[in-house]
Amino acid sequence: MVDVRTALNESDLTAINNATESLMSASQQLSQSLYEQAAQDSAASQPTGDSAGTASDDEVVDAEVVDAEVVDAEVVEEDK
């Protein structure tokens, strides 16, 4: 960034273009590095093998939830 500022102050078109190109290249390298690191972190956090995307029968619960209150042997639904 210092090179770009210096080139802008000198009003040298060739120096401005060269400094801008250098800055864009460095920015692209940084972005690529961040992208690769995020991909590695994502791959490391995903389950692998038999546990990937499958659930055992012990984890499955099929149920119906009913909000009700018993008053004098009558079922009265609560106001929501």
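Note that the coordinates shown come from a computational prediction; the quantities given were computed from them, not determined experimentally. (Residues numbered from 1 in each chain as written. Predicted model: local features only at pLDDT ≥ 70, side-chain atom pairs only at ≥ 80, totals over all residues. Heavy atoms only, no water.)

1. Remarks on the overall build of the protein
Each helix and strand counted, the protein has two helices and two strands in total. The helix and strand sequence of the protein, counted from the amino end, reads α-α-β-β. Relative to its 80 residues, the protein shows a buried fraction of 5%. For the protein, the computed accessible surface area is about 7500 Å², with 48% contributed by carbon and sulfur atoms. (Helix = DSSP H or I, 4+ residues; strand = E, 2+ residues; numbered from the N terminus. Buried < 20%, exposed > 50% of the residue type's maximum accessible area, 1.4 Å probe, protein only. Areas by Shrake-Rupley, 256 points an atom, 1.4 Å probe, with all protein chains shown as cover.)

2. Side note on the confidence of the model for the protein
Atom-level detail of predicted coordinates should not be read off regions where pLDDT is low. Confidence in the prediction for the protein averages 76 pLDDT; 69% of positions are at 70 or higher. Per-element mean pLDDT across the protein ranges from 53 in strand E2 (residues 74-77) up to 90 in helix H2 (residues 13-45). (pLDDT = per-residue confidence, 0-100.)

3. A look at the packing of helix H1 (residues 2-10) against H2
At a minimum axis separation of 8 Å, H1 and H2 run at an interaxial angle of 165°. The pairing of H1 with H2 is recorded here as roughly antiparallel in orientation. Viewed along their axes, H1 and H2 form a crossing whose handedness is left-handed. Residue-level contacts link Asp3, Val4, Ala7 and Leu8 of H1 to Ala15, Ile16, Ala19, Thr20 and Leu23 of H2. Residues that form the contact of H1 with H2 fall into these classes: seven nonpolar, one polar and one charged. (Axes fitted to C-alpha atoms, helices over the stretch in contact; angles between N-to-C directions. Parallel < 35°, antiparallel > 145°, perpendicular 65-115°, else oblique. Left-handed = near helix turned anticlockwise from the far one by under 90°. Contact = heavy atoms within 4.5 Å. Nonpolar A, V, L, I, M, F, W, Y, C, P; charged D, E, K, R; others polar.)

4. Digging into unusual backbone geometry
Here the phi dihedral of Ser11 falls at roughly 60°; this positive angle occurs in a residue that is not glycine. Mapped onto the elements, Ser11 comes out in the loop between H1 and H2. The exposure class assigned to Ser11 is exposed, which follows from its relative accessible area of 61%.

5. Section: the environment of Ser22
Summarising the element assignment, Ser22 is placed in helix H2. When its relative accessible area of 45% is taken as the criterion, Ser22 is described as partly exposed. For the pair Ser22 and Val4, spaced 18 residues apart in the sequence, the C-alpha separation amounts to 9.0 Å.

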